[in-house]
Structure formats: C-alpha cells, structure tokens
Amino acid sequence: MHLPSKHLNSILVKPAGPDCNMVCTYCFYLKKANLFPDARIHRMTEVILEETIRQVMTQSGERVSFGWQGGEPTLMGLPFFENVVEFQKRYGHGQSTGNGLQTNGILIDKNWTKFLRDYKFLVGLSIDGPEHIHNRYRFMRNGQGSWSRVIDRAKLLLDADVAVNALTVVNNYSVRFPQEIYDFHKNLGLKYMQFIPCVELEPKDPTQAAPFSAPSKEYGKFLCKLFDLWLADFINNKPTTSVRFFDSVFFHYVDMEPPECTLLPACGVYVVVEYNGDVYSCDFFVEPEWKLGNIMEGNLTEMLNSDLQYSFGLMKATLPTVCKNCRWLRYCLGGCTKNRTRNPQEGSINKFCKSYKMFFEHADSSLRDLAQKWRRQQILEEQKAISQYTEERRIKVGRNEPCPCGSGLKFKKCCSK
C-alpha cells in the first residue's frame, strides 16, 4: 500500500515523560520510565522545548495542533506552558495553532484556569465517572482515591469557562455502568466525552489480558447503550452532547475523513516527542523499535515520512482475512493497532472486534438516517447561501452595470432575471 507524503499538522509532546502524581492501576505509561534508566525525574528542558516548537511551527501548514500529555504534564509547572505560548508566537507564521492538555487535574488552580482560558487550551480531564467507578483504579500515591480532588478541579475549570472534555477509561468494572457514567458527566457539565476501552497484557502472563481490561462483549453492550443515550438527547436532529467515537464514525457515514486516527486506513499521521527529545511513532508505541530519532538531531517532517514510520503505518493497513471480509470494515478499518497487538489469544484481530460488530449492527440504521438528514440540511444551507449572495448582488449592482458573474452582459439581461 502506497502512503502519500504526510504533512506535519499535529504532534504529541510528553514534557514530564512518564512521571505522574498518581498511580492508576491500569496506566500503561508509568513503566516507560524503564526507557530512561539514567534519570529518576524526567523534565523537558527549555532548549528541547524551543527546538520542538520551532520545528513544528516552521514545518507545519495553515493549521497545527499540539497535544500535551504524560504522565502528568502539569508537573512541569505553569511557567513551562507560558514558554510554550511564547515560542509558538515567536516561530509561527500566522497559522492557526491549537493546544490540548490531557491532565488528571490534581495541580489545577485559579492561575492555571486563567491561563488555559486566555490561551484557549482544550483540556482533556481524566475522570472515570461517579466515585465508586473513578476510585476503583485511579489512586493518589498514598493509596487514597482521587475522585473528590478531581471533581473539585472539574468544577474549577468549568466555572472559569475553560473548554473541558471528559476522558474516561472503560475497564472491567466501569463497563457495567454506561448510563450512570454518561448522566454523571452530563450533569456535571462535561458535555464532551471520550471513552477509551482499556486493554493491557497481564505482566505475569502476557498470553492473557490484564484483569482490569474491558471484556469485548460487555464493551459492545456499553457502546450500544451509550449510543441510545446520546441519540435520545438530540434536539431538532442535532446532538446536545458529544461522544468522540460516535462523532468520528459519523464522518464515514457522510463520506468524510474522520478526525480519529483509529478510524483511518493507516497509522503514523503524527509523532510523539518525549521529555528528552526522543521521537516515537505513537503514544501507544513508545518503544525502542519505534524510535524515529531525536528532535535535537533530526527533522520532524523527515521522521514523519521515514521508512520506519511508513512501516508502522502499514501495521494498521495490513488486515487479517476476517477483517477484509467484514461488512463493517469501511467504518472501523480494523480499529486501533494497539488493540490488535495486545490480543494474543486471537492473533491480529482487534480485541474489541466483537464490540464494534455489536455496535454497528445496533446503530447502523440510525447513523444512516442521521447522515441522510445531515446531507439534506447541507443542501438547504447551500441554497440559502446562494440565495443570500444573489440578493446582495441585486442590491449592489445597477441594472445597466456589467453582471458580476463575468458573462460580459449587462446585469439586467443576465443574473437579474
């Protein structure tokens, strides 16, 4: 499969590496500290930060987005992110620049909320739902649950009019409570939601999924119920809440490219920069075999289009026969590569293949109906825009003046008829 040259329009940066002020049971990134045995604390230097932003801003096009993630990126402190904004201004060339911050929220205070609001950061807040669900696996370092602190920070962010999304991990426990989680987020004011199914290998037996992983059948039921809740909240054929997976899948139903990389034909559309400048293929593949280089020694665009990154992308594009013959392939495209490589019992089939089949069988007719209504609305809006433009032309152009359509005729003998 030939992949076209990719443009550098998004990047994920981990300024504090795998460091975090929490110890969530299902976190896969804490153990990435083993990649950096010479450092106990991991913090990106100003030199590496500046070079990262310089390359991104000078090599990107009209739009570029930065994702700041971890570990916990707020461990860097607010001055670090003030430098982020300053460097983006210094090296930018007028392009539209977006910043997303994924955080557990623990360190957020009023100074943070003012900064995040003023510079239009989109905050992804890790929150798994009500207390009994959130505290099941999300612990502070002293072993206490983190729910009450996160709820306080969520309210602080929302009260300050910061744009906030709920990032929710669906595990073997939370998968049983789709309505409770959805209603909780909605009532809290978190109308934008992203649900991430959890699957990791059992460290003591890598032929098995870790016990906290979401079972495939149960996750399918979760998605179906969640879809019904999302659909029930529509007003005048428009959603009042956002569930990222549903939003992204809908792009396929209207023949548009979805924004979520898991629903694209191939991976490798962005790169990850670690605290020390090392560049990797993907957030889920920060591993020695997928190291593309270092920001201080190489060019990001060249790394994005390197043979190694091309090979990484092909892993997703190389599908098993069962996928190629599936009626839902055009919508899921095999799903996330991580969920195929962490499914040893079923080979290269996505761990949540059964989940997605259940979902599409349940939601397909409704999504087709929504797509049809959306297309009709697009036609009406286009006709309205054309009509408005024509009326404006009638008012501004005299009858005996040349017609603005360029025909060479007078307006009264052309478009004014």
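Up top you'll find the structure we're talking about.
Engineer: Mind showing me how you'd approach the overall build of the chain here?
Structural biologist: Across its full length, the chain holds 14 helices and twelve strands. By the compact-globule yardstick of 22 Å for 417 residues, the chain fits well, its C-alpha radius of gyration being 24 Å. The C-alpha extent of the chain, read off along each of the three principal axes, is 85 × 50 × 50 Å. Expressed as a percentage of the 417 residues in the chain, the buried residues total 50%. Residue pairs in contact within the chain that sit at least 24 positions apart in sequence constitute 68% of those at least 6 positions apart. Total accessible area computed for the chain in this model is approximately 20,400 Å², and 51% of it derives from carbon and sulfur atoms. Averaging the positions of the 53 positive and the 45 negative side-chain charges in the chain gives two centres separated by 7 Å.

Engineer: What should I look at first to understand the pairing of strand β3 (residues 96-103) in this one?
Structural biologist: Put simply, side chains in a regular strand alternate between the two faces of the sheet. For strand β2 (residues 63-68) and β3, the ladder comprises six bridges, and the chain directions are parallel. Following the sheet pairing, serine 65 is matched in β3 by glycine 98. Since β2 and β3 lie parallel, the crossover through helix α2 (residues 78-91) that links them has a hand, and here it is right-handed. Alignment of β3 against strand β4 (residues 122-126), held across four bridges, turns out to be parallel.

Engineer: I would appreciate a short explanation of the environment of leucine 226 in the present structure.
Structural biologist: Among the structural elements, leucine 226 can be located in helix α7 (residues 216-232). Look at leucine 226 and you get buried, because its relative accessible area is 0%. Residues in contact with leucine 226, not counting those within four places in the same chain, are Pro178, Tyr182, Phe195, Val243 and Phe246.

Engineer: Which parts of the structure should I look at to understand the sheet that holds strand β6 (residues 192-197)?
Structural biologist: To summarise the sheet geometry, strands pair through backbone hydrogen bonds and adopt either a parallel or an antiparallel arrangement. Overall, mixed pairing links the ten strands, which are arranged β9-β6-β5-β4-β3-β2-β1-β10-β11-β12 in an open sheet. Unpaired on one side and paired on the other, β9 (242-243) and β12 (291-294) mark the two borders of the sheet. Sheet topology places strand β1 (residues 10-13) next to strand β10 (residues 271-273); three bridges connect them, and they run parallel. Across the sheet, residue leucine 12 finds its bridge partner in β10, namely valine 272. Strands β4 and β5 (163-170) of the sheet are contacted by helix α5 (residues 147-159), whose axis makes an angle of about 160 degrees with β4.

Engineer: Help me out: how do you make sense of the side chain of lysine 32 in this one?
Structural biologist: Checked against the element boundaries, lysine 32 lands in the loop between β1 and α1 (46-59). Buried and without a salt bridge, lysine 32 has glutamate 287 as its closest oppositely charged side chain, separated by 4.1 Å. With residues near it in sequence (within four places) discarded, lysine 32 still touches Pro18, Val286 and Glu287.

Engineer: Help me understand the pairing of β4, please; the structure alone is not making it clear to me.
Structural biologist: In terms of burial, β4 is largely enclosed, as four of its five residues are buried. Handedness of the crossover joining β3 and β4 through helix α3 (residues 110-118): right-handed. Note that β4 and β5 share five bridges and pair parallel. What sits directly across from leucine 122, in β5, is alanine 163.

Engineer: Quick question: what am I supposed to make of the packing of α2 against α3 here?
Structural biologist: Two quantities define a packed helix pair, namely the angle between the axes and the distance from one axis to the other. Look at α2 against α3: their axes get within 11 Å of each other, and the N-to-C directions meet at 10 degrees. Relative to α3, α2 is oriented roughly parallel. Together, Leu78, Phe81, Glu82 and Val85 of α2 and Asn111, Trp112 and Phe115 of α3 make up the contact between the two elements. Of the residues in the contact of α2 with α3, the class split is five nonpolar, one polar and one charged.

Engineer: What's the story with the side chain of threonine 241 in this structure? I'm lost.
Structural biologist: Here threonine 241 shows up in the loop between α7 and β9. A distance of 2.8 Å separates the side chain of threonine 241 from the side chain of tyrosine 182, its partner in a polar contact. Every residue in contact with threonine 241, bar those within four places of it in the chain, is listed here: Tyr182, Lys186, Lys191, Trp230 and Asp233.

Engineer: Teacher, can you tell me more about the state of the cysteines here?
Structural biologist: For the structure on display, the rule yields zero disulfides. Here cysteine 261 is not cross-linked by a disulfide; its sulfur's nearest cysteine counterpart is in cysteine 267, at 6.3 Å. Summary of cysteine pairing: cysteine 353 is not part of a disulfide, and the nearest cysteine sulfur, belonging to cysteine 323, is at 5.7 Å.

Engineer: Help me understand the pattern of salt bridges, please; the structure alone is not making it clear to me.
Structural biologist: Taken as a whole and judged by the stated rule, the model has 13 salt bridges. Ionic pairing is found between aspartate 118 and lysine 114, a salt bridge with its closest N-O pair at 2.8 Å. Taken together, the positions of aspartate 118 and lysine 114, both in helix α3 and four residues apart, correspond to about one turn of that helix. Between lysine 373 and aspartate 369 there is a salt bridge; the shortest N-O distance is 3.2 Å.

Engineer: Would you explain the nonpolar core in this entry?
Structural biologist: In globular proteins that are soluble, nonpolar side chains generally tend to be buried together. Membership of the largest hydrophobic core comes to 76 residues, with the highest contact counts inside it found for Met44, Trp68, Phe81, Leu116 and Leu300. Per-element tally for this core: the top contributor is α2, with six residues. Of all hydrophobic cores here, the second largest spans 38 residues; its members include Val199, Tyr253, Trp328 and Tyr331.

Engineer: I tried to follow α1 on my own but got confused; where do I start?
Structural biologist: Helical geometry note: an α-helix holds 3.6 residues per turn, so side chains three or four residues apart project in the same direction. Spanning 14 residues, α1 covers 20 Å between terminal C-alpha atoms, matching the ideal 20 Å at 1.5 Å per step. Where α1 is concerned, the buried positions are Ile48, Leu49, Glu51, Thr52, Ile53, Gln55, Val56 and Met57. As for α1, its buried residues are in contact with β1, β2, α2, β3, β10 and α9 (300-304).

Engineer: What am I meant to see in the packing of aromatic side chains here?
Structural biologist: In this description, a pair of aromatic rings is defined by centroid distance and the angle of the planes. Inspection of every chain in the model, using the stated rule, returns 35 aromatic pairs. Where phenylalanine 66 meets tryptophan 68, the ring centres are 5.8 Å apart and the plane angle is 5 degrees; that geometry is what we call stacked. Since its relative accessible area comes to 2%, phenylalanine 66 is described here as buried. Here tryptophan 328 and phenylalanine 360 contribute two aromatic rings whose centre-to-centre distance is 5.7 Å and whose plane-to-plane angle is 20 degrees, an arrangement assigned as stacked. A residue pair is termed long-range when its members are at least 10 positions apart, and tryptophan 328 in the loop between α11 (321-324) and α12 (329-332) and phenylalanine 360 in helix α14 (residues 353-396) qualify at 32 residues. Taken individually, tryptophan 328 and phenylalanine 360 each receive the classification buried, so the pair is uniform in this respect. Members of the aromatic cluster, joined through ring pairs, are Phe227, Trp230, Phe234, Phe245, Phe246, Tyr253, Trp328, Tyr331, Tyr356, Phe359 and Phe360. Geometry around tyrosine 29 places lysine 14 over its ring, the cationic atom sitting 3.8 Å from the centre. Lying across the ring of tyrosine 173, arginine 136 places its NZ or CZ 4.1 Å from the centre.

Quick notes on the rules
- Every chain is numbered independently, its residues counted from 1 as its sequence is written.
- Predicted model: local features are reported for residues with pLDDT of at least 70 only, side-chain atom pairs are reported and counted for 80 or more only, and whole-chain, interface and lining totals are derived from all residues.
- Side-chain descriptors were evaluated using all non-hydrogen atoms of the structure, hydrogens and water having been removed beforehand.
- A run of DSSP states H or I qualifies as a helix once it reaches four residues; a run of E qualifies as a strand once it reaches two. Both are numbered from the N-terminal end.
- C-alpha atoms define the radius of gyration, and 2.2 Å times the number of residues to the power 0.38 defines the globule rule.
- Buried residues are those whose accessible area, probed at 1.4 Å on protein chains only, stays under 20% of the maximum for their type, while exposed residues exceed 50% and partly exposed ones sit between those limits.
- The contact rule is simple, with two residues in contact once any of their heavy atoms fall within 4.5 Å.
- Residue burial considers only the protein chains on display, and all accessible areas are found by Shrake-Rupley using a 1.4 Å probe.
- Think of it this way: Lys and Arg go in the positive column, Asp and Glu in the negative one, and His and the chain ends go nowhere.
- Taken as the charge centre is NZ of Lys, CZ of Arg, CG of Asp or CD of Glu, depending on the residue.
- Two strands qualify as a pair provided DSSP detects at least 2 bridges between them.
- Handedness of a crossover: with both strands directed away from the viewer, a clockwise path from the first strand across the helix to the second marks it as right-handed.
- In this description, a line fitted to the C-alpha atoms serves as the axis of each element, helices being fitted only across the stretch in contact, and the angle between N-to-C directions of two axes falls anywhere from 0 to 180 degrees.
- The salt bridge definition used is simple: a Lys or Arg side-chain nitrogen within 4 Å of an Asp or Glu carboxyl oxygen.
- In this scheme, roughly parallel covers angles under 35 degrees and roughly antiparallel covers those over 145, while 65 to 115 is roughly perpendicular and the rest are oblique.
- Each residue receives one of three labels: charged for Asp, Glu, Lys and Arg, nonpolar for Ala, Val, Leu, Ile, Met, Phe, Trp, Tyr, Cys and Pro, and polar for the others, Gly being one of them.
- Two N or O atoms form a polar contact when they lie within 3.5 Å of each other; inside protein one atom must be a possible hydrogen donor and the other a possible acceptor, and for residues adjacent in sequence the pair counts only when both atoms belong to side chains.
- Any cysteine sulfur atom paired with another within 2.5 Å is treated as part of a disulfide.
- Buried Ala, Val, Leu, Ile, Met, Phe, Trp, Tyr and Cys residues that are joined via side-chain atoms within 4.5 Å together make up what is termed a nonpolar core.
- Each residue after the first adds 1.5 Å to the expected span of a helix.
- What counts as a ring pair is set by centres within 6.5 Å for rings of Phe, Tyr and Trp (its six-membered ring), and what kind of pair is set by the plane angle: stacked under 30 degrees, edge-to-face over 60, tilted for all other angles.
- Comment: the charge-over-ring label is applied if NZ (Lys) or CZ (Arg) is within 6 Å of the ring centre and within 35 degrees of the ring normal.

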